[in-house]
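Spelled out from the first residue to the last, the chains are:
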There are 2 protein chains.
Amino acid sequence: MFRHVVLFTWAEGATDEQRAAVATELGKLPEIITEIRSYAVGADAGVNPGNHEFAVVADFDSLDDYLIYRDHPAHQAVIAEHIKPILASRAAVQYAF
Amino acid sequence: MFRHVVLFTWAEGATDEQRAAVATELGKLPEIITEIRSYAVGADAGVNPGNHEFAVVADFDSLDDYLIYRDHPAHQAVIAEHIKPILASRAAVQYAF
């Protein structure tokens, strides 16, 4: 499997509604992008200090399938309309496992 | 399920041997810490610029089981002996899914 992991922090002015919309809109992608094998997103549980605020973990059969997801217009639309407007910082890794 | 995600970057002087040891030593933990339900670690595939360098994704039945992992002496030993000596930065999220 090939896994994509990305963690976000949000800008200080990000509203609860904007944060929730990221989860809602990303959650629609597995129905649209059939290359996605597993998809789990969520807000940080608040257990540890200093954490990022939101996680996306997406699994694919191959690097090629991940690239289809990465560049898919539906994914790019969520990034442009919901993530970038409230993004403060981003950390990502893709890895085979 | 309760998921722990952490991404690392390594110090510039970190050797290939030191980086590999992190994966090897973390990979021993599922045999020791039986609360771990799923565990997948790996080095970044180099597909995208600006990424972090190493990922850990660990799944548990509950927050309480994650806390057992977090505080387990075997896990803390890997952090102290193999991760902290080469750590440059760290991004983490824990979330329910």
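What you see is a predicted model, and the numbers here were worked out from it, not measured in a lab.

A. Local environment of the pairing of strand S3 (residues 54–60) of chain A. All names here are of chain A. Taken across its seven residues, S3 has seven buried, putting it largely inside the fold. Both faces of S3 are covered, namely the face carrying Phe54, Val56, Ala58 and Phe60 and the face carrying Ala55, Val57 and Asp59. Taken together, the seven bridges between strand S1 (residues 2–10) and S3 define a ladder with antiparallel strand orientation. Paired with arginine 3 across the bridge in S3 is aspartate 59. In this structure, strand S2 (residues 38–43) lies alongside S3, joined through six bridges in antiparallel fashion. Across the sheet, serine 38 pairs through a bridge with aspartate 59, a residue of S3.

B. Spatial organisation of the interface of chain A and chain B. Contacts between the two partners involve 28 residues from chain A and, on the opposite side, 28 residues from chain B. Counting the surface lost from both chain A and chain B, the interface buries some 2100 Å², and carbon and sulfur atoms represent 60% of this. For the chain A face of the interface with chain B, the top three residues by lost area are Val93, Gln94 and Tyr95 of chain A, together amounting to 23%. At the boundary of chain A with chain B, the tally comes to zero salt bridges. Scanning the region where chain A abuts chain B turns up 16 residue pairs in polar contact (both at pLDDT 80 or more). Elements supplying a minimum of two residues to the side of chain A that touches chain B: S1, S2, S3, helix H3 (63–71) and strand S4 (87–96) of chain A. For the side of chain A that touches chain B, the element with the most residues is S4 of chain A, which contributes five residues. Its residues placed into classes, the side of chain A that touches chain B shows 19 nonpolar, five polar and four charged.

C. Geometry of the sheet that holds S3 of chain A. All names here are of chain A. Spatially, the four strands line up as an open sheet ordered S2-S3-S1-S4, and their pairing is antiparallel. The strands lining the two open edges of the sheet, one partner per strand, are S2 and S4. Strand-to-strand twist in this sheet, taken as the mean axis angle between neighbours without regard to direction, amounts to 10°. Pairing between S1 and S4: nine bridges, direction antiparallel. In the strand pairing of S4, valine 5 is matched with valine 93.

D. Quick peek at the sheet that holds strand S3 (residues 54–60) of chain B. Residues and elements named next belong to chain B. Overall, antiparallel pairing links the four strands, which are arranged S2-S3-S1-S4 in an open sheet. Since the sheet does not close on itself, it has two edges, and those belong to strand S2 (38–43) and strand S4 (87–96), each with one partner. Between one strand axis and the next, the sheet turns through 10° on average, direction left out of account.

E. Local environment of helix H4 (residues 73–83) of chain B. Residue and element names in this part refer to chain B. Within the sequence span of H4, burial applies to Ala74, His75, Val78 and Ile83. Buried positions in H4, seen along its axis, are confined to an arc of 105° and lie on one side of it. Residues of H4 that are exposed and angled more than 90 degrees away from the buried face: Pro73 and Glu81. On the buried face of H4, the contacting elements are strand S1 (2–10), helix H1 (16–26), helix H2 (29–32), helix H3 (63–71) and S4.

F. Representation of the relation of the copies chain A and chain B within the structure. Least-squares fitting of chain A to chain B yields an RMSD of 0.0 Å, with the superposition described by an axial translation of 0.0 Å and a rotation of 180°. Each copy turns onto its partner about a two-fold axis. For chain A, the residue whose C-alpha comes nearest the rotation axis is alanine 91 of chain A, separated from it by 3.4 Å. In this assembly the copies share their binding face: 100% of the residues contributing to the interface of chain A also contribute to that of chain B.

Calculation rules
Residues numbered from 1 in each chain as written. Chains lettered and ligands numbered in written order. Predicted model: local features only at pLDDT ≥ 70, side-chain atom pairs only at ≥ 80, totals over all residues. Heavy atoms only, no water. Buried < 20%, exposed > 50% of the residue type's maximum accessible area, 1.4 Å probe, protein only. Helix = DSSP H or I, 4+ residues; strand = E, 2+ residues; numbered from the N terminus. Pairing = 2+ DSSP bridges. Contact = heavy atoms within 4.5 Å. Buried area = accessible area lost by both parts, 1.4 Å probe. Salt bridge = Lys/Arg side-chain N within 4 Å of Asp/Glu carboxyl O. Polar contact = N/O pair within 3.5 Å; in protein donor to acceptor, adjacent residues only side chain to side chain. Nonpolar A, V, L, I, M, F, W, Y, C, P; charged D, E, K, R; others polar. Axes fitted to C-alpha atoms, helices over the stretch in contact; angles between N-to-C directions. Arc of directions from axis to C-beta. Least-squares fit on C-alpha atoms with pLDDT ≥ 70 in both.

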